[in-house]
Amino acid sequence: MARKTAIVWAVGDTADALHAQYRAEPVAEVHTRLQALWRLRLGEGPTAVAAGVGVSRNAVQQWLRWYREGGLAAVCGRRKGGVGKPSYLTKDQEAQLVAAAATGVFATAQAVRDWIEARFGVVYTRDSMYTLLPRLGIRLKVPRPRHPQADPRARAAWKKGGSAHA
C-alpha cells in the first residue's frame, strides 16, 4: 500500500478556492496544474490525480514540489519553453524602431533590416525580422493587389464619376 502524500496547504488554499481558481484559469497548462492541486486537496493520491488529468505521476510530483517551495504563485507562474533568447536590440533601440515605423517610412521587412543594420550595426535574418516586427507591434503597410491587366485610365474615369465604356 502506498503511503499518504503529506501536503501542508496554505490557509487560503481550500478545496473550494482551488476549484474556483482552476475553473477560471484561461491558460491551459496552468488550468491542468490547478485541477491536479484541487483533486489532491480533495484527498486523491498523486497516481489517481495524474491519471485523471492526463499527465504523468512525475508531473504531479513536480507541481507538488513547486507548491511546497512557493505556493500557488510558483505553480501558476511557471511557463513552458523558458524565457527565450534575448533581443539583439536594446529597449531604447526598439523604441527608436517603433517610432520610426510609426512614421510609415518602412514598406518592407527588408527596409527595416537595412535601417537596423545601418543605424545600430545589428544584422537580423529575414525570419527573425518576421518575429521581431509583430513582437514590437509593427505592421508594415501592404498595398492592395491590382490586376496586371487593369486599365489606369478606366480607373481614373471611374473615380471621376462614370465608366470609360459608356
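See the structure above.
Residues numbered from 1 in each chain as written. Predicted model: local features only at pLDDT ≥ 70, side-chain atom pairs only at ≥ 80, totals over all residues. Heavy atoms only, no water.

A count of helical and extended segments in the protein gives eight helices and zero strands. Taking 2.2 N^0.38 as the reference for a compact globule, 166 residues should give roughly 15 Å; the C-alpha atoms of the protein span a radius of gyration of 28 Å, well beyond that estimate. Here the C-alpha coordinates of the protein stretch approximately 90 × 50 × 25 Å along the principal axes. Expressed as a percentage of its 166 residues, the buried residues of the protein come to 30%. Sequence-distant contacts, at least 24 apart, represent 50% of the contacts inside the protein between residues at least 6 apart. As displayed, the protein offers around 11700 Å² of accessible surface, 55% of which is attributable to carbon and sulfur atoms. In the protein, which carries 26 positive and 12 negative side-chain charges, the distance between the mean positions of the two groups comes to 5 Å. (Helix = DSSP H or I, 4+ residues; strand = E, 2+ residues; numbered from the N terminus. Rg over C-alpha atoms; globule rule 2.2 N^0.38 Å. Buried < 20%, exposed > 50% of the residue type's maximum accessible area, 1.4 Å probe, protein only. Contact = heavy atoms within 4.5 Å. Areas by Shrake-Rupley, 256 points an atom, 1.4 Å probe, with all protein chains shown as cover. Lys, Arg positive; Asp, Glu negative; His and termini not counted. Charge placed at Lys NZ, Arg CZ, Asp CG, Glu CD.)

It is worth spelling out a positive patch on the surface at this point. A contiguous patch of positive charge, built from Arg144, Arg146, Arg155 and Lys159, is present on the exposed surface. As for its placement among the helices and strands, Arg155 is situated in helix α8 (residues 152-160). With relative accessibility at 30%, the residue Arg155 sits in the partly exposed group. (Patch = residues over 30% accessible without salt bridge, like charges linked within 9 Å, V, L, I, M, F, W, Y side chains within 5 Å. Salt bridge = Lys/Arg side-chain N within 4 Å of Asp/Glu carboxyl O.)

Now for helix α5 (residues 91-102). Counted at 1.5 Å a residue, the expected span for α5 with its twelve residues is 16 Å, and the 16 Å between its end C-alpha atoms agrees. For α5, the complete set of buried residues consists of Gln93, Glu94, Leu97, Ala100 and Ala101. Seen end-on, α5 carries its buried residues on one side only, within an arc spanning 125 degrees. Opposite the packed face of α5, turned more than 90 degrees from it, sit the exposed residues Lys91, Asp92 and Ala102. Looking at the buried residues of α5, the elements they touch are α6 (109-120) and α7 (126-135). Downstream of α5 by one or two residues, Gly104 has phi in the positive range, about 85 degrees. (Expected span 1.5 Å × (residues − 1). Arc of directions from axis to C-beta.)

Another point: the packing of helix α3 (residues 46-53) against helix α4 (residues 57-77). For the pair α3 and α4, interaxial distance at closest approach is 8 Å and the crossing angle is 110 degrees. Taken together, the axes of α3 and α4 are roughly perpendicular relative to one another. At the point where α3 passes α4, the crossing takes the right-handed sense. Every residue of α4 that contacts α3 at Pro46, Thr47, Val49 and Ala50 is listed here: Arg57, Val60 and Gln61. Classifying every residue of the contact of α3 with α4 by side-chain character gives four nonpolar, two polar and one charged. (Axes fitted to C-alpha atoms, helices over the stretch in contact; angles between N-to-C directions. Parallel < 35°, antiparallel > 145°, perpendicular 65-115°, else oblique. Left-handed = near helix turned anticlockwise from the far one by under 90°. Nonpolar A, V, L, I, M, F, W, Y, C, P; charged D, E, K, R; others polar.)

What follows deals with the environment of Thr108. Among the secondary structure elements, Thr108 is positioned in the loop between α5 and α6. For the pair formed by Thr108 and Lys141, sequence separation is 33 residues and the distance between their alpha carbons is 7.8 Å. One polar contact links the side chain of Thr108 to the main-chain amide nitrogen of Ala111, over a distance of 3.0 Å. (Polar contact = N/O pair within 3.5 Å; in protein donor to acceptor, adjacent residues only side chain to side chain.)

Once that is clear, we can look at the packing of helix α2 (residues 28-41) against α3. Axis angle and axis distance: for two packed helices, these are the angle between their axes and the distance between the axes, and together they describe the pair. Where α2 meets α3, the closest approach of the two axes is 10 Å, and the angle between their N-to-C directions is 140 degrees. Seen along the crossing, α2 lies across α3 with a hand that is right-handed. Facing Thr32, Gln35, Ala36, Arg39 and Leu40 of α2, the residues of α3 in contact are Pro46, Ala48, Val49, Gly52 and Val53. Classifying every residue of the contact of α2 with α3 by side-chain character gives six nonpolar, three polar and one charged.

Distances and angles like these do not, on their own, reveal function.
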